Amino acid sequence: MNPQAKLIFTISLLMGTTITISSNHWVMAWAGLEINTLAILPLISKSHHPRAIEAATKYFLTQAAASALVLFSSMTNAWYTGQWDITQLTHPTSCLVLTTAIAMKLGLVPFHFWFPEVLQGSSLTTGLLLTTIMKLPPIALLYMTSNTLNPTLLTSMAILSAALGGWMGLNQTQIRKILAFSSISHLGWMTIIIVYNPKLTLLNFYLYALMTTAVFLTLNSINALKLSTLMTTWTKTPALSAMLFLTLLSLAGLPPLTGFLPKWLIIQELTKQNMALAAVALSILSLLGLFFYLRLAYCATITLPPHTTNHMKLWHTSKPTSSSISILTTVSATLLPISPLISTMI
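Residues numbered from 1 in each chain as written. Predicted model: local features only at pLDDT ≥ 70, side-chain atom pairs only at ≥ 80, totals over all residues. Heavy atoms only, no water.

As annotated in an unreviewed UniProt entry, the protein is NADH-ubiquinone oxidoreductase chain 2 from Locustella luscinioides. Recorded in UniProt for the protein, the comment headed Catalytic activity (unreviewed entry) runs: "a ubiquinone + NADH + 5 H(+)(in) = a ubiquinol + NAD(+) + 4 H(+)(out)". Per its UniProt entry, the protein bears the Function (unreviewed entry) comment "Core subunit of the mitochondrial membrane respiratory chain NADH dehydrogenase (Complex I) which catalyzes electron transfer from NADH through the respiratory chain, using ubiquinone as an electron acceptor. Essential for the catalytic activity and assembly of complex I." (UniProt positions renumbered as here; feature names shortened; annotations may be inferred.)

Next comes the structure, spelled out in structure tokens:
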């Protein structure tokens, strides 16, 4: 892709996100979401591969439907209450339609079908954008309207997302699809707590984005798209593979790594809200995710040649690891000791 075009699309992406998260008016928020969608489409389809074109088409159709629902929800609310302010969403039908729209935007169950397919058809760098920065505007809208949304509906969608995200990731061999189901599972954790403690949702999203960025950049550096490719990387970059191992376990939420912090705080908050059953369900369902993270970690570090995988050995290079990957993987594994400080900030 032309560097100037890539720069324009990246700036548009950042601008669309900024407009949505900083707006008070529904039409401005909708315009930001549209700018975001139009900016990411060329980045998804830039390889001109049929799979990439298919992914871009699926993404466009889903996001267009979700944006139409956002507009419909805000117009219905304005019709009944005379308010275009995002925080004044009070009409029950509008709240229901908005929940559906944001679930489609994020890829929450039962509107998750497009997400693994789109991620599989994109490159790793575009996949990184789809799982992190593209999730921020819908989560910001959820944050601003959280006090009026239906907690029962959100809790049901959250538990289903955690269940399906873990269950469907079990038998995947494509790394991008595994990370897509991982994202759906993490969104379940974010959604269940949004009504009771919205700041915890933001903390969970920030730490998830940090760890996912570390994983995607590492995979991009070692050029691994399938589990069979990942098995041959241990002898090529042992230090990077070891840090990938820790980052994946951190994503799974194992103590004493960074990923344990949001899960711990969410379970604590749910127990305070007399939702111990939901907390237990989420904790058990996170074991499904732990299985496929362990599988990825096993393939990345413990599988040493010779092995039975029929795969060509990658060319060994002495390309240095970028400093951003080093910093991100370190932070992804070591933030838990400062959790008291983070707790006081939220």
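Q: Please clarify how the domain arrangement of the protein should be interpreted in this entry.
A: When the parts come together, some accessible area is lost, and that loss is often what is quoted as the size of the interface. Examined at the domain level, the protein breaks down into domain 1 (1–131) and domain 2 (150–308 + 321–345). Each of domain 1 and domain 2 has a C-alpha centre, and these two points are 23 Å apart. Taken together, the 23 residues of domain 1 in the interface contact 27 residues of domain 2. The junction of domain 1 with domain 2 conceals about 2,100 Å² of combined surface from both sides, 75% of it contributed by carbon and sulfur atoms. Considering only the side of domain 1, the residues that lose the most area to domain 2 are Val109, Gln120 and Leu124, jointly responsible for 32% of the buried surface there. (Domains from an automatic or database assignment. Contact = heavy atoms within 4.5 Å. Buried area = accessible area lost by both parts, 1.4 Å probe.)

Q: Please explain the side chain of threonine 126 as it appears in this structure.
A: Relative to the helices and strands, threonine 126 resides in helix α6 (residues 124–131). Engagement of the side chain of threonine 126 in a polar contact is seen with the backbone oxygen of leucine 43, the distance being 3.3 Å. A distance of 3.0 Å separates the side chain of threonine 126 from the side chain of serine 123, its partner in a polar contact. (Helix = DSSP H or I, 4+ residues; strand = E, 2+ residues; numbered from the N terminus. Polar contact = N/O pair within 3.5 Å; in protein donor to acceptor, adjacent residues only side chain to side chain.)

Q: Help me understand the packing of aromatic side chains in this model?
A: Centre distance and the angle of the planes are the two values used to describe a pair of aromatic rings. Taken as a whole and judged by the stated rule, the model has five aromatic pairs. Connected via pairs of aromatic rings, a cluster forms that spans Tyr59, Trp114 and Phe115. Sitting over the face of the ring of phenylalanine 115, lysine 135 holds its NZ or CZ atom 3.8 Å from the ring centroid. (Phe/Tyr/Trp six-rings, centres within 6.5 Å; stacked < 30°, edge-to-face > 60°. Lys NZ or Arg CZ within 6 Å of the ring centre and 35° of its normal.)

Q: Before we go on, may I ask you to explain unusual backbone geometry in this structure?
A: Note: most residues except glycine have negative phi, and most peptide bonds are trans. Cis peptide bonds are those with omega within 30 degrees of zero, and the linkage from valine 109 to proline 110 qualifies with 10 degrees. Between proline 255 and the following residue, proline 256, the backbone shows a cis peptide bond with an omega angle of 5 degrees. Tracing the chain through its elements places proline 256 in the loop between α12 (238–252) and α13 (260–272). Despite not being glycine, histidine 48 shows a phi value in the positive range, around 60 degrees. Along the polypeptide, histidine 48 turns up in the loop between α2 (26–44) and α3 (50–81). You can call histidine 48 exposed: its relative accessible area is 66%. Positive phi values are uncommon outside glycine, yet asparagine 223 reaches one of about 60 degrees. Mapped onto the fold, asparagine 223 is located in the loop between α10 (198–222) and α11 (227–230). (Buried < 20%, exposed > 50% of the residue type's maximum accessible area, 1.4 Å probe, protein only.)

Q: Any chance you could explain the environment of phenylalanine 115 here in plain terms?
A: Relative to the assigned elements, phenylalanine 115 resides in helix α5 (residues 114–121). Residue classification places phenylalanine 115 among the buried residues on the basis of a relative accessible area of 1%. Put simply, phenylalanine 115 and lysine 177 are 62 residues apart on the chain and 8.7 Å apart in space, counted from C-alpha to C-alpha. If we ignore the near neighbours within four places in the chain, the residues touching phenylalanine 115 are Leu130, Thr131, Lys135, Ala180, Ser183 and Ile184.

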